[in-house]
Amino acid sequence: MAIELQRRRPPSDHIVTDVALNLIKGFEGLHLAAYPDPASALAKTGKGSGDPWTIGWGRTKNVKRGDRCTLEGANTWLREDANEAAQIVRDAIQVPLTAGEFAAYTSMAYNLGYLPPSLKACLNGGTTDKGKVMAPGSYADAILQLPRNCRAQTRPMKGLYRRRLAEACVAMDLPFEDACSPTVVQFALNENGEIDTDATTSLEDTLMRARSSKAPDPSVILKKPWSELVKAEPAPAKVEPEPAAPNPAGNAELPELKAPKPPAPVASAPIPAPPSGPVVQAPAVVVPAPQPPPSPVKPAPKPPEPVIIAPKSVDVRSIPYGEVLSENGAKNMSESQRGVGMVLVGVGSVVQVITMRLGVGTAVGAVFFDLSRDPVVIALVATAVVAVIGWFTRKKGTKVMTTGMVNATQVLK
């Protein structure tokens, strides 16, 4: 209950919101040309004044036949008339209202120009037209009074009934677009001209459907171009066609000219004229130029054989250690600069050892004993052995190596 009291505020604190404006726009529609009251004799029989004439978003003040307006003018009038309707609610209601209730009653005052006495009796406290005494703040009973006020010139109207149901949904903070659409709300009158409750959608059913329906996205409400909201103007009176002018060739009518049958694809020729009519030139027939027969599709050429690229012949001269030919022979350690150096080092070491030994003693055995233990002498002896092996391989093995390399060169070529 505390939450409910916080949501309700005095009517003087409320202003006209987009909820009220969208509700009014949805049922009034936009008319840029004045139209008569749908319940008037002029709208039904074509006779009478048609008052009150309406224009824009349902404006009736100082509107007469033939008036027109623009979209900007209609929006300005809507804001002015909605503010006047909101002031009617502020002056008539003495209890706090929610924003939804204030918007619903503003829409009702915009449509009727007043608030019904039974509605005020339920809100402010008093006796309804049915003789029921209501306590102040009977908000639920006030909602029940809305569908009862759907008459135009004492006759219930489906459009007004749908509008009252929509206002009840807004007062309950429920979406009305789906629950109050023309295809959902059923409306019928009995033989006495009263609402047939068995064949008409009730307020309870509408509120139940509104509770289960999804609220529309506020970003897409009334986002259609305003030109799509403009209601079509009444169709003009039917004008009888003027009599046809007399035939200049006489009183007899010209024969009806029928479309000629399409001739064969040859050059165009004029159609012979009827005996008593003018000559009619047949339309030229354009014969398309003969197209050459399509050329046969040639098979795709056979792809060429893949080119196998053989490995490039190897030049034996690129083999490390120089070229190997029979006239030069193979080089070995005995002919290299390293071998010569080792020989010189060995000779120098021998001379050094002999010189040192001659200085310390003359025994030949001591000299050879020391030489056998000297690493340089050992290296010298090994060099001599390698030199002998190299000389032997040079004389005997060069021919074999050279012959093998030559054979390998012939194969690679």
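Above this note sits the structure.
Calculation notes
- Residues numbered from 1 in each chain as written.
- Predicted model: local features only at pLDDT ≥ 70, side-chain atom pairs only at ≥ 80, totals over all residues.
- Heavy atoms only, no water.
- Helix = DSSP H or I, 4+ residues; strand = E, 2+ residues; numbered from the N terminus.
- Buried < 20%, exposed > 50% of the residue type's maximum accessible area, 1.4 Å probe, protein only.
- Contact = heavy atoms within 4.5 Å.
- Areas by Shrake-Rupley, 256 points an atom, 1.4 Å probe, with all protein chains shown as cover.
- Phe/Tyr/Trp six-rings, centres within 6.5 Å; stacked < 30°, edge-to-face > 60°.
- Lys NZ or Arg CZ within 6 Å of the ring centre and 35° of its normal.
- Expected span 1.5 Å × (residues − 1).
- Salt bridge = Lys/Arg side-chain N within 4 Å of Asp/Glu carboxyl O.
- Axes fitted to C-alpha atoms, helices over the stretch in contact; angles between N-to-C directions.
- Parallel < 35°, antiparallel > 145°, perpendicular 65-115°, else oblique.
- Left-handed = near helix turned anticlockwise from the far one by under 90°.
- Nonpolar A, V, L, I, M, F, W, Y, C, P; charged D, E, K, R; others polar.
- Core = buried A, V, L, I, M, F, W, Y, C linked by side-chain atoms within 4.5 Å.
- Polar contact = N/O pair within 3.5 Å; in protein donor to acceptor, adjacent residues only side chain to side chain.

(A) Examining the overall build of the protein more closely. A tally of helices and strands in the protein yields 14 helices and 6 strands. Looking at the protein as a whole, 30% of its 413 residues qualify as buried. Across the protein, every contact between residues at least 6 apart in sequence was considered, and the portion connecting residues at least 24 apart equals 57%. Approximately 28400 Å² of the protein is accessible, and the part contributed by carbon and sulfur atoms is 61%.

(B) Local environment of the packing of aromatic side chains. Counted by the stated rule, this structure contains 2 aromatic pairs. Arranged with centres 5.5 Å apart and planes meeting at 45 degrees, the rings of Tyr161 and Phe187 form a pair that is tilted. With a gap of 26 residues between them, Tyr161 in helix 8 (residues 158–171) and Phe187 in the loop between helix 8 and helix 9 (203–212) connect regions that are remote in the sequence. Comparing Tyr161 with Phe187 shows no difference in burial state: the two are buried. The side chain of Arg8 reaches across the aromatic face of Tyr139, ending 3.5 Å from its centre.

(C) Layout of helix 8. Given a rise of 1.5 Å per residue, 14 residues ought to cover 20 Å, and the 20 Å separating the end C-alpha atoms of helix 8 matches this to within 8%. The buried fraction of helix 8 amounts to 12 of the 14 residues, a majority that puts the element mostly inside the structure. Those residues of helix 8 that sit buried are Leu160, Tyr161, Arg162, Arg163, Arg164, Leu165, Ala166, Glu167, Ala168, Cys169, Val170 and Ala171. Buried-residue contacts for helix 8 involve helix 2 (18–28), helix 5 (99–112), helix 7 (139–145), strand 5 (151–152) and helix 9.

(D) Up close: unusual backbone geometry. Omega for the bond connecting Asp51 with Pro52 falls within 30 degrees of zero, at -5 degrees, which places this linkage in the cis form. Here Pro52 is to be found in the loop between helix 3 (41–45) and strand 2 (54–56). In this structure, Thr154 is a non-glycine residue whose phi angle is positive, near 70 degrees. With respect to the secondary-structure elements, Thr154 resides in the loop between strand 5 and strand 6 (155–156).

(E) Geometry of the pattern of salt bridges. Within the structure shown, the criterion is met by 12 salt bridges. A salt bridge links Asp173 to Arg7, with the nearest nitrogen and oxygen atoms 2.4 Å apart. Of the two residues, Asp173 sits in the loop between helix 8 and helix 9 while Arg7 sits in helix 1 (residues 2–7), which places them 166 residues apart along the sequence. Judged by its relative accessible area of 43%, Asp173 is partly exposed. Of the charged contacts in the structure, one is a salt bridge between Glu167 and Arg163, with a shortest N-O distance of 3.6 Å. You can see Glu167 and its partner Arg163 sitting in helix 8, 4 residues apart, about one turn around the helix. Summarising the burial analysis for this pair, Glu167 and Arg163 share the class buried. Taken together, the shared-partner salt bridges connect Glu28, Arg163, Arg164 and Glu167 into one network.

(F) Layout of the packing of helix 8 against helix 9. Viewed as axis vectors pointing N to C, helix 8 and helix 9 meet at an angle of 50 degrees, and their least axial separation amounts to 10 Å. Taken as axis vectors, helix 8 and helix 9 run oblique relative to one another. Crossing hand, helix 8 versus helix 9: right-handed. Contact residues: helix 8 offers Tyr161, Leu165, Ala168 and Cys169, while helix 9 offers Leu203, Thr206, Leu207 and Ala210. Here the contact of helix 8 with helix 9 is built from residues that sort into 7 nonpolar, 1 polar and no charged.

(G) Main features of helix 5. End to end, helix 5 covers 20 Å across 14 residues, agreeing with the expected 20 Å (1.5 Å per residue, within 8%). Taking burial as the measure, the 14 residues of helix 5 include 11 buried ones, the bulk of the element. If you follow the buried residues of helix 5, they end up packed against helix 2, helix 4 (71–92), helix 6 (117–124), helix 7 and helix 8. Just downstream of helix 5, Gly113 is the residue with a positive phi angle, here 90 degrees.

(H) Structural detail: the nonpolar core. Membership of the largest hydrophobic core comes to 60 residues, with the highest contact counts inside it found for Val89, Ile93, Tyr105, Leu115, Leu123 and Phe176. For this core, the secondary-structure elements that each account for two or more residues are helix 2, strand 1 (31–35), helix 4, helix 5, helix 6, helix 7, helix 8 and helix 9. Sequence-distant contacts of Leu123, that is, excluding residues within four places in its chain, are made with Ile93, Val95, Tyr105, Pro136, Gly137, Tyr139 and Ala142.

(I) Region of interest: the environment of Thr70. Within the secondary structure layout, Thr70 lies in the loop between strand 2 and helix 4. Relative accessible area serves as the criterion here: at 46%, Thr70 is assigned to the partly exposed category. Thr70 sits 14 residues away from Gly56 along the chain, and the two C-alpha atoms are 8.0 Å apart. A distance of 3.2 Å separates the side chain of Thr70 from the backbone nitrogen of Gly73, its partner in a polar contact.

(J) Local environment of the packing of helix 2 against helix 4. Running from N to C, helix 2 and helix 4 point in directions that differ by 120 degrees, and their axes come no closer than 11 Å. Relative to helix 4, helix 2 is oriented so that their crossing is right-handed. Of helix 4, the residues touching helix 2 (which contributes Leu21, Ile24 and Lys25) are Asn75, Leu78, Arg79 and Ala82. Split by residue class, the contact of helix 2 with helix 4 holds 4 nonpolar, 1 polar and 2 charged.

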